[in-house]
Structure formats: structure tokens, C-alpha cells
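Reading the structure
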Amino acid sequence: MVTKRIIACFLYIVIFSSAFAQSKFKQKLSWEADENALEYTVEVVSVVDESKKYSYKTESAEITFSIPAGKYKYRICAYDFLGREAQISDWKIFDITKALVPKIKVNRNPSISSLSETEIRIPAKISDIAADSVALLVNDETEQEVPCSMEISSENKKDGTVIATAVKVNGVTGGYWRIKVKNPSGLESQSDVIDVSAYFDELARIQAEKERLEEEKRLAEEAAEKARIEAELAEKERAEAELLAEKERQEAERRAEEEARREEERISREKAEEEKRIANEKAAKIEEEKRLAAEEKRKKRMEFIKAHTKFDMTPMLGVSAFSPFALDGLFEYSDSKFLPALTIKIYYLPVLIKTVSLGMNAEAGFSKMSGSTSLYTMDFPITRFETNFVWQKELKKNLLYWNLKAGANAFIVSYDLEYIKNYTARESPAEKDYGYLGAQFGTSLWIQPVKKIVCEIGADLVYEPINGMQTMYFDPHICMGFRF
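So, how was this worked out
Residues numbered from 1 in each chain as written. Predicted model: local features only at pLDDT ≥ 70, side-chain atom pairs only at ≥ 80, totals over all residues. Heavy atoms only, no water. Helix = DSSP H or I, 4+ residues; strand = E, 2+ residues; numbered from the N terminus. Rg over C-alpha atoms; globule rule 2.2 N^0.38 Å. Buried < 20%, exposed > 50% of the residue type's maximum accessible area, 1.4 Å probe, protein only. Contact = heavy atoms within 4.5 Å. Areas by Shrake-Rupley, 256 points an atom, 1.4 Å probe, with all protein chains shown as cover. Lys, Arg positive; Asp, Glu negative; His and termini not counted. Charge placed at Lys NZ, Arg CZ, Asp CG, Glu CD. Pairing = 2+ DSSP bridges. Phe/Tyr/Trp six-rings, centres within 6.5 Å; stacked < 30°, edge-to-face > 60°. Lys NZ or Arg CZ within 6 Å of the ring centre and 35° of its normal. Salt bridge = Lys/Arg side-chain N within 4 Å of Asp/Glu carboxyl O. Axes fitted to C-alpha atoms, helices over the stretch in contact; angles between N-to-C directions. Core = buried A, V, L, I, M, F, W, Y, C linked by side-chain atoms within 4.5 Å. Patch = residues over 30% accessible without salt bridge, like charges linked within 9 Å, V, L, I, M, F, W, Y side chains within 5 Å. pLDDT = per-residue confidence, 0-100.

1. Focus: the overall build of the chain
Helices and strands together make up the secondary structure of the chain, namely two helices and 25 strands. Here the chain has a C-alpha radius of gyration of 43 Å; the compact-globule value for 484 residues is 23 Å, and the former is much larger. Counting only C-alpha atoms and orienting by the principal axes, one finds that the chain spans roughly 150 × 100 × 35 Å. The proportion of buried residues among the 484 residues of the chain is 31%. Counted over contacts in the chain with a minimum sequence separation of 6, partners at least 24 positions apart contribute 60%. Only carbon and sulfur atoms are counted for the fraction: they give 56% of the accessible area of the chain, which is about 31,500 Å². Between the centroid of the 71 positive side chains of the chain and the centroid of its 81 negative side chains there is a distance of 5 Å.

See below:
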């Protein structure tokens, strides 16, 4: 009897290709042999098209076969010496892919652009690669290897490969480099030599020119300050000479004393006016600086608002189900504890901070509750309007979002009571409407399978403080919408 084991299976895919012929594939599948097994049957089925089936019989613990590239599953059945099926393995999935050598085209002196102070972008065309291929920049002289990222184009080829249009790298200096790319299959290649010295030489020239201009400016300012001090000293010496001459004239002619005094007062008055004028100019300069600072602050505030706001509106339509959670309240008068409801929503999320959006939403839910006894029947048409503050986190870009919301609601119930006339002569009262204010909290997931279509799956916990019927219920829902 064959023991209950086919312990380990190993799949080896070996690809043979020629420069002038279509690629051919040879695959080898081996497993641990069982000494009680007479023969094995191996079934291989395409995962994409299960009509493509392959079956192989062998007495050894391996087979060699050739099938097209694709996604497959296989299982192995062992037969004992009497030809009976003894053991069959579970289905296992594997891929057969073509092992491609990356192709790299790049100019010796490429048009390098700066992405930041340390990161640069080198244009290149890299084909026959996968999205998870690895790229390095290798120094042609020192063989230093620097990891870099590839700029993948959005267009995929039919064979699953992608094309990169550039590489981005940090910490590279001048010299000669090569782009090295390695595919997941293990095959790799290098580009021709790239000379990046011209780019770094230009950066050095720009820095030297900047330093030269700053030095010229400093020397000019020092020369101007020196000239000003010399002019002030000369003016001071001239004023002292005039004062000395005036004293000599006062001693020589007493009648000129009054005129000299008036002249001195005039000079003092002009000096005071000049000082006042200078003070006014300084005050005006300070006010201008304050105005420019306020203008810059306003500009930055407007830029911040512009960068963190957007138009993001999503109307939705879906279904939900009211079900009592902790406080039955109104549900005590219902024949059913599970009430389906129509839900209409609209989200508006204008604030964007990194991957978090903030905003509000408005919702309306419509349902009907029924109850009956031996004396009467009651219908409770229910309309709920609510508005919420919404916090949304992008979990996976343009695909998956997580929402939290909380807010207030208006709960409107119409009581339609009808007495059964066989039991009472009382007339049924007219239908009455009652309104209550409540609150709710909810969470949901948004799935955005295509660019504008959104599917929401979530649940709300709603509390309604109805007089004598305190009610709390659980409201799971699913909705579809269009995101503008």
C-alpha cells in the first residue's frame, strides 16, 4: 500500500532561445519518489483557460515537458502495484515566463536634470523589463554601485513587460557610469558608458559665479561705507572751521554777532528738519517692510489653501438595513427586527492634507416598520435625514479609502394606526407625524475600481432619543456612486 505522502514537488523551468527562431520552453517537474508507487500521473491545467489540459504518465519521480508561457496549476496522482489510485496531491499553481535580457539605450552625454539638491534624473530607454526589475548605477572606474529607481511608463506591453524612460539616483558624483538592470529571472545587462562630468562641472561653475558676485557686492558695500565715513569727517572738519572763523569775526566785529547767531539758528533748524526727514524715511521703510511681509504671508496662506483644497463631490445611491443594537425602543412595536431601507448620499471632501481628505456629507434613508396585535395594526413610515463631518484616509492610491464620520440627524416617523372593527367601535385616529433629533457615528470603506466609480461598504451606529422609546440601531449599508 502506498503511504499517504507526496512530500515535496519542485518545478524547474529552463528556457532555450535562439537569435533567429521563436523561443522554446523546456520545463522539468520532479518530486520525492515513493518506494511503493508503481507509476504516477501528472495533470497540468491552464488557470486562465481550463480547456487547455496536459496529462503525463511516468514511472520515475520526474517529467520533462514543453508548454507555452502562462499561469498553470498541477497535481500528481500515485498508483500502487495493483494499478489502484493510492494518493493524489492538492492543486499547486505556478507560472511559466520568458526570461528576457534587459535592453538599455542611453546617450553618452545625456540631458541630466536636477530633481533636488542631491537627486538627478538621467533619461534612458530601458525595455524587456518587469515592474519589479532592479536598477543600479555602476562607476566605470571604481565599480561603485549606487541603487537607483526607474521611471516606468504607464503603458504595459501584451507580454507583461514595461518600458522605463529614465532613472533617478541620489549621491552620484562626476565621472563615467553605466546603468545596470537585473530582471526577476536573474538575467541582467549594462548600458554603454555615460559621462556625467559636464553636469557637475556646470553646477560648480554656477556656484563659483555666485560666490564671485557676492564678493564683488561685499567689496562695493565696504567701499561705499568708507566713502561715507570720509565725507562725514570732512563735513565735521568743515563745520569746525566755520565755527572758529565765526568766533574770530565775533571778536573782530561785535555788530556781526547777531547775524552770526541767526545763521547758527538757521543751520540748527535745517539740521532738525533733516533729522526729521531721515526719521520719516526710516519709518516709511519700516512700514514698507511690514507691508511686504504681510503680502508674503498672505501669498503663502493662499498657496497653502490652493495646495490643500480641491473639488471632490460624490453622490451615491444604495441600500441599508435598520436593526436594533442595544436599545430596542421603537423596534418593540415592529413585527420584524430587520428593516431594509433605501439610502441616498452625497459627499463633499474639499480639504486635502497629504493622503487625508476632510469634509461633510448629507444622507437620507427611507424605510417602513409594521406592527400588529389582535386589536390594531400600525404602519411606521420612517425617514431619516443626517449630516456628518467626514474624515477620509487614502489606504491605496486611487483604489482604497477608509472613512470615519459623525454627526446629527432628524428622525421623522409617521404613525398610521388602524383599529380592527370586530373588537372595538373606536374610530381609527388620523395619521400623525413626529420628528426627533439624534446622532450617529459610522465607518466605511470606499473601493474605486475605475477612475470615477465608487463602491462604499460600511455601517452606522444611530441613536434616537424618542420619548419613552429610546432607540439605538445598527445600520449596515452598501452604496454605489460617481466621484466628480
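2. Structural notes on the pairing of strand β19 (residues 339-353)
With ten bridges connecting them, strand β18 (residues 313-324) and β19 associate as antiparallel partners. Considered in β19, the bridge of Val-319 is made with Leu-342. By the bridge criterion, ten bridges tie β19 to strand β20 (residues 356-372) in an arrangement that is antiparallel. When the bridges of β20 are listed, Ile-353 appears paired with Val-356. In this structure, the hairpin formed by β19 and β20 is closed by a connection of two residues, where Lys-354 is found at a positive phi of approximately 55°.

3. Quick word on the packing of aromatic side chains
What the rule picks out here adds up to 15 aromatic pairs. When the ring of Phe-331 is compared with that of Tyr-473, the centres are 6.0 Å apart and the planes differ by 55°; the resulting orientation is tilted. With Phe-331 in the loop between β18 and β19 and Tyr-473 in strand β25 (residues 471-482), the pair connects residues that are 142 residues apart, well separated along the chain. Each member of the pair, Phe-331 as well as Tyr-473, carries the same accessibility label: buried. Look at Trp-391 and Trp-402: their rings are 5.3 Å apart centre to centre, the planes differ by 85°, and that puts the pair in the edge-to-face class. Here Trp-391, found in strand β21 (residues 376-396), pairs with Trp-402, found in strand β22 (residues 400-419); they are eleven residues apart in sequence, far enough to count as distant. You can call Trp-402 partly exposed: its relative accessible area is 33%. What links up through ring pairs into an aromatic cluster is the set Tyr-54, Tyr-72, Tyr-74 and Phe-94. Here the guanidinium or amino end of Lys-73 rests over the ring plane of Trp-91, the centre of that ring lying 4.9 Å away.

4. Thoughts on the pattern of salt bridges
Under the criterion given, the structure shown has 35 salt bridges. The salt bridge partner of Glu-288 is Arg-291, with a shortest N-O separation of 2.6 Å. Here the residue Glu-288 and the residue Arg-291 both occupy positions in helix α2 (residues 257-307), the gap between them amounting to three residues, near one helical turn. Relative accessible area serves as the criterion here: at 45%, Arg-291 is assigned to the partly exposed category. We note a salt bridge from Asp-312 to Arg-483, for which the minimum N-O separation is 2.7 Å.

5. Details of the side chain of Ser-191
Here Ser-191 lies in the loop between β16 (188-190) and β17 (194-195). Apart from the residues within four sequence positions on either side, Ser-191 is in contact with Ile-104, Val-106, Arg-178 and Ile-179.

6. Observations concerning the sheet that holds β21
The eight strands are arranged β18-β19-β20-β21-β22-β23-β24-β25 in a closed barrel whose pairing can be described as antiparallel. Taking each pair of neighbouring strands and ignoring which way they run, the sheet shows an average axis angle of 25°.

7. Quick word on the environment of Ser-191
You can call Ser-191 buried: its relative accessible area is 2%. Along the sequence, Ser-191 and Ile-179 sit twelve residues apart, while their C-alpha atoms lie 5.2 Å from each other.

8. Overview of the nonpolar core
Counting 24 residues, the largest nonpolar core has Ile-126, Leu-137, Met-150, Ile-179 and Val-181 as its most contacted members. Secondary structure elements with two or more residues in this core: β11 (119-129), β12 (134-139), β13 (145-156), β14 (162-170) and β15 (176-182). Broken down by element, the residue count for this core peaks at five residues, all from β11. Dropping the residues within four chain positions of it, Ile-126 is found in contact with Lys-103, Ile-104, Met-150, Val-162, Ile-163, Ala-164, Val-167, Ile-179 and Val-181. Formed by 19 residues, the second largest nonpolar core is a distinct cluster that contains Phe-331, Ile-382, Phe-411 and Ile-466.

9. A closer look at the environment of Met-469
Here Met-469 lies in the loop between β24 (453-464) and β25. Of the residues examined, Met-469 reaches a relative accessible area of 14% and is grouped as buried. Note: C-alpha distance between Met-469 and Tyr-333 (136 residues apart in sequence) is 9.9 Å. Setting aside anything within four residues of it in sequence, one finds Met-469 in contact with Gly-329, Leu-330, Tyr-333, Tyr-415 and Glu-464.

10. Regarding a nonpolar patch on the surface
Together, Phe-311, Tyr-348, Val-450, Ile-453, Met-480, Phe-482 and Phe-484 line one region of the surface with nonpolar side chains, adding up to about 660 Å² of accessible area. Of note, Met-480 is situated in strand β25. Its relative accessible area of 43% is what places Met-480 among the partly exposed residues.

11. Considering the pairing of β11
Sheet topology note: the strand β9 (residues 103-105)/β11 ladder contains three bridges and is antiparallel. Each residue of the ladder has a partner; that of Ile-104, found in β11, is Ile-126. What sits between strand β10 (residues 113-114) and β11 in their antiparallel hairpin is a turn of four residues. As paired elements, β11 and β14 share seven bridges and run antiparallel to each other. Each residue of the ladder has a partner; that of Ile-129, found in β14, is Val-162.

12. Observations concerning the confidence of the model for the chain
Do not read the predicted coordinates in detail wherever pLDDT is low. For the chain, the average pLDDT comes to 85, and 91% of its residues sit at 70 or higher. Confidence drops under pLDDT 50 across residues 1-23; counting only partners more than four residues distant or on other chains, this segment forms 53 contacts.

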